[in-house]
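# Per-entry structural report
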Amino acid sequence: MLKDLSPNKGMCFDIDDENEVAVFKIGDKVFAVDNICPHNHVPEIYNGYVEEKNVSCPVHGFTFNLETGLQPTGFGCRLRTYEVKIEGGAVHVAV
């Protein structure tokens, strides 16, 4: 639920037995990304440091834009992003 999301903090949700999504509320927008860092393959993106619309992996500090999944420099690995819809206070993530 939208009301359960804390501003500028991530939450982790299981999609199935092998996949997790990290969800972030930044201002009035909600973003969903793969919880697995593409750099080191650790499922900790939801614990990352959030600044503006970027999240930094807490393990090695790689930073990704929550809208595009790209690193701010445009080089390197990319974090998978997912479409988000809010309906009746519920957050729906298209995977």
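One structure accompanies this document, and this report is about it.

Cut-offs used in this document
Each chain carries its own residue numbering, running from 1 in the written order of its sequence. Given that the model is predicted, a residue must reach a pLDDT of at least 70 before its local features are reported, and side-chain atom pairs must reach 80 or more before they are shown or counted; all residues, however, enter totals for whole chains, interfaces and linings. With hydrogens and water stripped out, all remaining heavy atoms of the structure feed into the side-chain values. In this text, helices come from DSSP runs of H or I with a minimum length of four residues, and strands from runs of E with a minimum of two, each type numbered from the N-terminal end. We compute the radius of gyration from the C-alpha atoms alone; for a globule the expected value is 2.2 Å times N to the 0.38, where N is the number of residues. For every residue, the accessible area (1.4 Å probe, protein chains only) is compared with the maximum for its type, and the residue is labelled buried under 20%, exposed over 50%, or partly exposed between those bounds. The criterion used for residue contact is that any of the two residues' heavy atoms lie within 4.5 Å. Here the accessible surface of atoms and residues is derived via Shrake-Rupley with a 1.4 Å probe, and residues count as covered only by protein chains that are part of the display. In summary, the charge assignment counts Lys and Arg as positive and Asp and Glu as negative, without counting His or the chain termini. To locate a charge, take atom NZ for lysine, CZ for arginine, CG for aspartate or CD for glutamate. In this analysis, strands are considered paired if DSSP registers two or more bridges between them. Helix axes are fitted to C-alpha atoms over the stretch in contact, other axes to C-alpha atoms as well, and angles between N-to-C directions run from 0 to 180 degrees. Under the rule applied, a polar contact is a pair of N or O atoms within 3.5 Å (in protein, one hydrogen donor and one hydrogen acceptor; residues adjacent in sequence only if both atoms are side-chain atoms). A pairing counts as a salt bridge when a side-chain nitrogen of Lys or Arg comes within 4 Å of a carboxyl oxygen of Asp or Glu.

Before going further, it helps to spend a moment on the overall build of the chain. Across its full length, the chain carries 0 helices and 8 strands. Each helix and strand of the chain, placed in order from N terminus to C terminus, yields the pattern β-β-β-β-β-β-β-β. Taking 12 Å as the expected radius of gyration for a compact globule of 95 residues, we find that the chain reaches 12 Å, a close match to that expectation. With the principal axes as the frame, the chain shows a C-alpha extent of 40 × 30 × 20 Å. Evaluated residue by residue, the chain yields a buried proportion of 31% over its 95 residues. Taking contacts inside the chain between residues at least 6 apart in sequence as the whole, the part at least 24 apart equals 30%. If you sum the accessible surface of the chain, you get close to 5,900 Å²; carbon and sulfur atoms cover 48% of it. Taken as two groups, the 8 positive and 14 negative side-chain charges of the chain have centres that lie 7 Å from each other.

Further remarks concern the sheet that holds strand β4 (residues 49-51). Strand order in this open sheet of 3 strands is β4-β5-β6, and the pairing throughout is antiparallel. Looking at which strands have only one partner, the edges of the open sheet turn out to be β4 and β6 (63-65). Sheet twist, expressed as the average angle between the axes of neighbouring strands with direction ignored, equals 25°. Summarising the sheet, β4 and strand β5 (residues 54-56) pair through 3 bridges and their orientation is antiparallel. Directly across from Glu-51, in β5, lies its bridge partner Asn-54.

This next bit is on the environment of His-60. Residue placement: His-60 occurs in the loop between β5 and β6. Here the alpha-carbon distance between His-60 and Cys-37, two residues 23 residues apart in the chain, equals 9.5 Å. Those residues in contact with His-60 that sit more than four places away from it in its chain are His-39 and Asn-40. Polar side-chain contacts of His-60 include one of 2.8 Å to the side chain of Asn-40.

Within the structure shown, the criterion is met by 2 salt bridges. Note that Lys-3 and Asp-4 form a salt bridge whose closest N and O atoms lie 3.5 Å from each other. A relative accessible area of 70% means that Lys-3 is categorised as exposed. The salt bridge partner of Lys-53 is Glu-67, with a shortest N-O separation of 3.5 Å. Taken together, the residues span a long stretch of sequence, with Lys-53 in the loop between β4 and β5 and Glu-67 in the loop between β6 and β7 (81-87) at a distance of 14 residues.

Although it is not a glycine, Asn-8 adopts a positive phi angle of roughly 60°. Within the secondary structure, Asn-8 sits in the segment before β1 (10-14). On the basis of relative accessible area, Asn-8 is assigned to the partly exposed category, the value being 42%. Residue Glu-52 is not a glycine yet carries a positive backbone phi of 55°. With respect to the helices and strands, Glu-52 occurs in the loop between β4 and β5. In this structure Glu-52 comes out as exposed when scored by relative accessible area, which is 64%.

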